[in-house]
Amino acid sequence: MGILIVSDSFIVRDALYYMFNKKYGMETKILASNFLDLEKNLKKIEISKVNCMILDIEKENMKYIEFMKDDICENKIVVLDLHRSKEVCATSIKQGVDGYILNIAEKEEFMDKVNSIIEKGKKFYDIDLLQNILQDEYVECETLTNRENEILEEVGKGYSNKEIAKHLYITEYTVKKHISSILLKLNLRSRKNIIIYFKEKYSEKCANL
């Protein structure tokens, strides 16, 4: 088994290295890196041999959650969010990481959480920030204009810009402009994300569509 610890704090790296080494001993290869070195030396680290990655994430490093989950690592990913960031929490959940942990108040409790993820295949999410995030998503939904709501529904149903323009009697340029506004307001990255958002969230939170 292999564990990779990634943090820009040498204190966090050293502490986690010590804890995992004591827990798993010689049977596990434990590696530690900061994010810059990880990106530079990705091939040398042999990600394929890593069973679990522990990412100590701050807001400026959120891109690594998606990068690791989608493009690099098919194994367990645990996000450690010591700064309790709602942005990091939301990104972690959307990316489907295996664990999201807010702090290391007690060593035994922390190791139990990680052990259940690594050895038992369970997922774990600290729930302290989830209520605030769900409230924020509802507010975001409310900030859309009536026209943006209409276009969000059309995109969510899989219609093309040309089809939406025809349905709503507007130009394709106007459709594109509204889609750009929707992406910005809902903090989404692509048309695919709008469709996912509509199916998973919007139909539940905005039943008036």
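About the thresholds
- Residues numbered from 1 in each chain as written.
- Predicted model: local features only at pLDDT ≥ 70, side-chain atom pairs only at ≥ 80, totals over all residues.
- Heavy atoms only, no water.
- UniProt positions renumbered as here; feature names shortened; annotations may be inferred.
- Helix = DSSP H or I, 4+ residues; strand = E, 2+ residues; numbered from the N terminus.
- Buried < 20%, exposed > 50% of the residue type's maximum accessible area, 1.4 Å probe, protein only.
- Contact = heavy atoms within 4.5 Å.
- Areas by Shrake-Rupley, 256 points an atom, 1.4 Å probe, with all protein chains shown as cover.
- Phe/Tyr/Trp six-rings, centres within 6.5 Å; stacked < 30°, edge-to-face > 60°.
- Salt bridge = Lys/Arg side-chain N within 4 Å of Asp/Glu carboxyl O.
- Core = buried A, V, L, I, M, F, W, Y, C linked by side-chain atoms within 4.5 Å.
- Polar contact = N/O pair within 3.5 Å; in protein donor to acceptor, adjacent residues only side chain to side chain.

Looking at an unreviewed UniProt entry, one finds the protein chain named Stage 0 sporulation protein A homolog, with Romboutsia sedimentorum as its source organism. As stated in UniProt under Function (unreviewed entry), the record for the protein chain gives "May play the central regulatory role in sporulation. It may be an element of the effector pathway responsible for the activation of sporulation genes in response to nutritional stress. Spo0A may act in concert with spo0H (a sigma factor) to control the expression of some genes that are critical to the sporulation process."

Draft legend 1. Summary view of the overall build of the protein chain. Helix and strand counts for the protein chain stand at eleven helices and six strands. Counting every position in the protein chain, which comprises 209 residues, the buried fraction comes to 42%. Taking as baseline every contact in the protein chain between residues at least 6 positions apart, the subset at least 24 positions apart corresponds to 65%. Put simply, the protein chain shows about 12,200 Å² of open surface, and 50% of that area lies on carbon and sulfur atoms.

Draft legend 2. Examining the packing of aromatic side chains more closely. As enumerated under the stated definition, the model contains three aromatic pairs in all. Here the aromatic cluster, defined as three or more aromatic residues joined through ring pairs, consists of Phe20, Tyr24 and Phe110.

Draft legend 3. Structural detail: the environment of arginine 189. Mapped onto the elements of the fold, arginine 189 is located in the loop between helix H10 (172-185) and helix H11 (191-205). For arginine 189, a relative accessible area of 63% puts it in the exposed group. The residues contacting arginine 189, other than those within four sequence positions of it, are Glu66 and Leu183.

Draft legend 4. Region of interest: the pattern of salt bridges. Counting across every chain of the model gives six salt bridges. Residues glutamate 148 and lysine 185 are paired through a salt bridge, measuring 3.0 Å at the closest nitrogen-oxygen approach. Of this pair, glutamate 148 sits in helix H8 (residues 146-156) while lysine 185 sits in helix H10, placing them 37 residues apart in sequence. On the accessibility criterion, lysine 185 (30% relative accessible area) is partly exposed. The partner of lysine 157 in a salt bridge is glutamate 153, and the shortest N-O contact between them spans 3.0 Å. Sharing partners across several salt bridges, the network here consists of Glu109, Lys113 and Asp126.

Draft legend 5. Just the nonpolar core, in detail. Judged by nonpolar contacts, the single largest core of 21 residues is most densely connected at Leu55 and Ile57. Secondary structure elements with two or more residues in this core: strand S1 (2-6), helix H2 (35-40), strand S3 (52-56), helix H4 (63-72), strand S4 (76-80) and helix H5 (86-95). Here this core takes three residues from H4, the largest share from any one element. The residues touching leucine 55, leaving out its near neighbours within four places in the chain, are Val6, Phe35, Tyr64, Met68, Ile77, Val78, Val79 and Leu80. In terms of nonpolar packing, the next biggest core, distinct from the first, is built from 18 residues, Val12, Met19, Cys52 and Phe110 among them.

Draft legend 6. Just the side chain of glutamate 148, in detail. With relative accessibility at 4%, the residue glutamate 148 sits in the buried group. A polar contact is formed between the side chain of glutamate 148 and the side chain of serine 181, at a distance of 2.6 Å. Ignoring sequence-local partners within four residues, the contact set of glutamate 148 consists of Thr143, His178, Ser181, Ile182 and Lys185.

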